Amino acid sequence: MAVKARVLYDFTAETGNNELTVQEGEILTIINQNVGGGWVEARNSRGNVGLVPEDYIEVNHDSTQASATQYIDAQGYNNSSANTQGVNGNEAWTANNNPADNWNYTEQEPAGNNGSVYSFDEEWDDDSDDGKSTGGYGGSQTEEGGTMQRAGGHSTMKIALNKFPGFSKTPNPELYLLTKHIAKGNDTLPIYAGEVGPVWLYPQISLDCVVADPKKGSKMYGLKSYIEYQVTPNTTNRPVNHRYKHFDWLYERLVDKFACALPIPCLPDKQVTGRFEEEFIKIRMERLQGWMSRMCRHPVISNSDVFQLFLNYKDEKEWKLGKRKAEKDETVGVKIFSTIDPELPEIDATQVEQKFETYSQFSRSMDNSVKELLAVGNLHWKRCTGPLQKEYRQIGKAFQNLSSVFNTSGYQRESTLTEALTATGKTYEEIAEMVSAQPKKDLHFLLETNNEYKGLLGCFPDTIGVHKAAIDKVKEADHLVTMNKISQQDKHTMEKNLSTMSYALQAEMNHFHSNRIYDYNRLMQFYLEEQVKFYETIAEKLKKALGQYTTM
């Protein structure tokens with residue numbers, strides 16, 4: 001029995017990418033569920049075969065179970081023939097047991113992959129260039145976390161495949177609070193007393209990188225395509241190549257390791273359709289550049305082994321070894337606090353809570369203000385490219401129509417006036433085009449920066465939530481001592497470690513404030529300079545039009 005699936009949303013295939021156009025409600029036959037990258041290979045009722053996003057379909061589990069049972073029985077996995085093939089054999093199997101397919105499986109231990117003991121070799125791992133469309137500023141936006149959006153008047157549904165920012169559940173701070181032995185050595189993260197309070201140790205040479213030169217590549221014998229970017233750090237000036245899935249892998253590692261102490265903003269959203277269009281590649285590259293620049297500016301992240309690997313690996317072998325090492329890193333989650341060594345006096349628990357409340361309130365307030373500015377900016381963008389542009393055109397057209405009517409009067413002394421009216425009309429039509437084009441010159445950068453800060457601030461509740469949970473645990477310490485569940489020494493250890501967590505939060509907030517002041521100073525200067533040029537150009541055009549009218 002074949003595996004059947006029902007299509008949940010319309011999907012339009014891209015030409016030349018082996019995708020299959022499907023419509024909501026259509027029944028498909030699944031040919032291969034192990035393509036990777038969020039895709040499956042399916043056949044429709046007309047016999048057409050191609051790739052479909054797995055989030056766009058709902059598999060009939062009854063048919064899946066029957067099909068799996070039928071396949072197992074046919075291959076003899078449950079009888080004596082299994083010693084020559086399948087689980088106990090040494091032969092490489094091909095997808096769908098078809099010798100014509102060259103997608104070789106490699107034998108591995110079962111690892112929660114629906115009970116399967118086979119998975120794709122690392123050379124054929126998922127593409128990860130899929131997800132929801134980010135589009136421009138005029139389209140509808142989705143909330144973080146995977147809600148669906150319907151783009152304009154089209155029927156195609158686009159789904160966010162990105163994960164939530166940070167982590168979905170607050171880690172248990174007790175894993176760190178009761179730690180008595182603090183890690184020392186090269187992995188120690190020192191905190192010092194700066195002019196504004198606790199600060200991270202900043203490198204003497206600021207790290208930065210350039211994300212550029214996107215190129216299209218393919219894998220699986222041309223079955224799947226992807227875009228590869230060139231990333232060049234300023235420390236070596238030696239470019240390395242990365243696909244979006246590599247950025248995604250880096251993001252996951254940074255979240256696992258640092259998100260309890262540092263807010264790690266999400267990457268630019270993924271996309272299912274249109275990901276090879278020039279405009280989308282341009283926007284994605286710009287946003288990847290912004291994300292990488294922000295990571296480079298962070299003294300802890302930029303100096304981490306995993307980030308340095310991403311920027312400086314020399315060959316494919318070093319990249320894969322470094323990936324495996326990073327994935328086996330045990331100093332993750334709340335354990336990251338055990339590497340922090342503040343060279344500062346211990347803070348009283350009451351002061352810790354006061355600092356927490358200050359940062360929590362500020363982050364919420366700024367988040368609301370950033371969202372308000374984004375909403376107003378998006379609305380203004382729509383007006384400039386829609387109603388406002390149309391109004392200026394209508395004004396220009398009205399002046400020219402009036403000039404045409406005046407020309408029909410036969411009065412010989414009005415040619416200067418009608419020519420001036422015509423020129424005025426054309427001036428307003430030129431202004432209409434200027435109004436439409438201006439958002440891309442200044443508002444674009446204002447919205448991009450605020451989108452970055454929206455993503456960054458969206459991580460603060462999780463990061464600050466770890467500190468809130470730790471504060472609550474320390475508040476329970478007296479009761480736990482009374483109940484003989486912990487000793488007085490354990491209580492002191494908890495208070496000391498809470499102090500360290502507070503210093504980490506203070507250092508991070510001071511880093512955030514420093515970047516915020518720098519970013520918004522630079523951003524507003526640029527925005528207002530462009531606005532001044534815009535209105536000065538309009539004023540010059542209007543003055544020129546005014547000069548064509550004679551004084552009677």
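Above this note sits the structure.
My aim in this report is to walk through the structure given alongside it, one point at a time. (Residues numbered from 1 in each chain as written. Predicted model: local features only at pLDDT ≥ 70, side-chain atom pairs only at ≥ 80, totals over all residues. Heavy atoms only, no water.)

### As for the packing of helix α10 (residues 415-441) against helix α11 (residues 443-457)
- One way to put it is that α10 packs onto α11 with a least axis distance of 4 Å and a crossing angle of 40°. Side by side, α10 and α11 meet where Gln438, Pro439, Lys440 and Lys441 of the first sit next to Leu443, His444 and Phe445 of the second.
- In the contact of α10 with α11, the residues fall into three nonpolar, two polar and two charged. (Axes fitted to C-alpha atoms, helices over the stretch in contact; angles between N-to-C directions. Helix = DSSP H or I, 4+ residues; strand = E, 2+ residues; numbered from the N terminus. Contact = heavy atoms within 4.5 Å. Nonpolar A, V, L, I, M, F, W, Y, C, P; charged D, E, K, R; others polar.)

### Let's talk about helix α12 (residues 460-475)
- The end-to-end C-alpha distance of α12, which contains 16 residues, comes to 22 Å, matching closely the 22 Å that a straight helix rising 1.5 Å per residue would cover.
- Regarding α12, the residues found buried are Phe460, Asp462, Thr463, Ile464, Gly465, Val466, His467, Ala470, Ile471 and Val474.
- On its buried side, α12 packs onto α2 (174-177), α8 (349-385), α11, α13 (477-482) and α14 (488-546). (Expected span 1.5 Å × (residues − 1). Buried < 20%, exposed > 50% of the residue type's maximum accessible area, 1.4 Å probe, protein only.)

### Points about the packing of helix α4 (residues 278-296) against α11
- Interhelical geometry of α4 versus α11 gives an angle of 55° and a closest axis separation of 11 Å. Here α11 runs oblique to α4, going by the angle between their axes. Our pair here, α4 against α11, has a crossing hand that is right-handed. Here α4 contributes Glu286, Arg287, Gly290 and Arg294 to the contact with α11, which in turn contributes His444, Phe445, Glu448, Glu452, Tyr453 and Leu456. (Parallel < 35°, antiparallel > 145°, perpendicular 65-115°, else oblique. Left-handed = near helix turned anticlockwise from the far one by under 90°.)

### Considerations on the pattern of salt bridges
- Applying the stated criterion across every chain, the model contains 18 salt bridges.
- Here glutamate 452 and arginine 294 are joined by a salt bridge, their closest N and O atoms 3.0 Å apart. Taken together, the positions of glutamate 452 in helix α11 and arginine 294 in helix α4 put the pair 158 residues apart, joining distant regions of the chain.
- You can call arginine 294 buried: its relative accessible area is 11%.
- Via salt bridges that share partners, Arg294, Arg297, Glu452, Asp519 and Arg522 belong to a single interconnected network. (Salt bridge = Lys/Arg side-chain N within 4 Å of Asp/Glu carboxyl O.)

### Details of the sheet that holds strand β10 (residues 189-194)
- Strand order in this open sheet of three strands is β11-β10-β15, and the pairing throughout is mixed. Of all strands in the sheet, those bounded by a partner on one side alone are β11 (197-200) and β15 (340-342). For this sheet, the mean inter-axis angle between neighbouring strands, taken without regard to orientation, is 30°.
- Here β10 runs beside β15; their pairing, made up of three bridges, is parallel. Within β15, the residue paired with leucine 189 across the bridge is isoleucine 340.
- Sitting on the sheet, α14 is in contact with β10, β11 and β15, with an inclination near 80° to β11. (Pairing = 2+ DSSP bridges.)

### Digging into the sheet that holds strand β2 (residues 27-36)
- Within the open sheet, the five strands sit side by side as β4-β3-β2-β1-β5. Their pairing is antiparallel. The two strands at the open ends of the sheet, each matched to only one other strand, are β4 (49-53) and β5 (57-59). Shown here is a sheet whose adjacent strand axes are inclined to one another by a mean of 45°, direction ignored.

### Focus on unusual backbone geometry
- One non-glycine residue, asparagine 237, adopts positive backbone phi at about 55°.
- With respect to the element layout, asparagine 237 can be found in the loop between β13 (224-233) and β14 (240-243).
- One non-glycine residue, asparagine 484, lies in positive phi territory at about 60°.

### So, helix α6 (residues 305-312)
- Among the eight residues that make up α6, six are buried, leaving the element largely enclosed by the rest of the structure.
- Every buried residue of α6 is listed here: Val306, Phe307, Leu309, Phe310, Leu311 and Asn312.

### Re the nonpolar core
- Trp200, Leu250, Leu254, Met292, Phe307, Leu311 and Phe337 are the most contacted members of the largest nonpolar core, which totals 83 residues.
- Broken down by element, this core gets its largest block of residues, twelve residues, from α14.
- With sequence-adjacent residues up to four places away left out, phenylalanine 307 is seen in contact with Leu207, Leu250, Met292, Met295, Cys296, Ile301 and Ser302.
- The next biggest cluster of nonpolar side chains, apart from the first, holds 18 residues, and it includes Ala5, Ala42, Leu51 and Val52. (Core = buried A, V, L, I, M, F, W, Y, C linked by side-chain atoms within 4.5 Å.)

### Quick word on empty space enclosed by the protein
- Applying the stated rule across the entire model yields three cavities of 30 Å³ or more.
- What the largest cavity holds in volume is close to 120 Å³.
- Lining the largest cavity are Pro263, Pro265, Arg294, Met295, Arg297, His298, Ile301, Leu456, Glu508, His511, Phe512 and Asn515.
- Where the lining of the largest cavity is concerned, the elements lending two or more residues are α4 and α14.
- In terms of residue count, α14 provides more of the lining of the largest cavity than any other element does, four residues in total. (1 Å grid on protein atoms, 1.4 Å probe; cavity = no way out; pocket = protein on both sides within 12 Å on 5 of 7 lines; lining within 4 Å. Points joined across faces, edges and corners; volume = space filled by probe spheres on them.)

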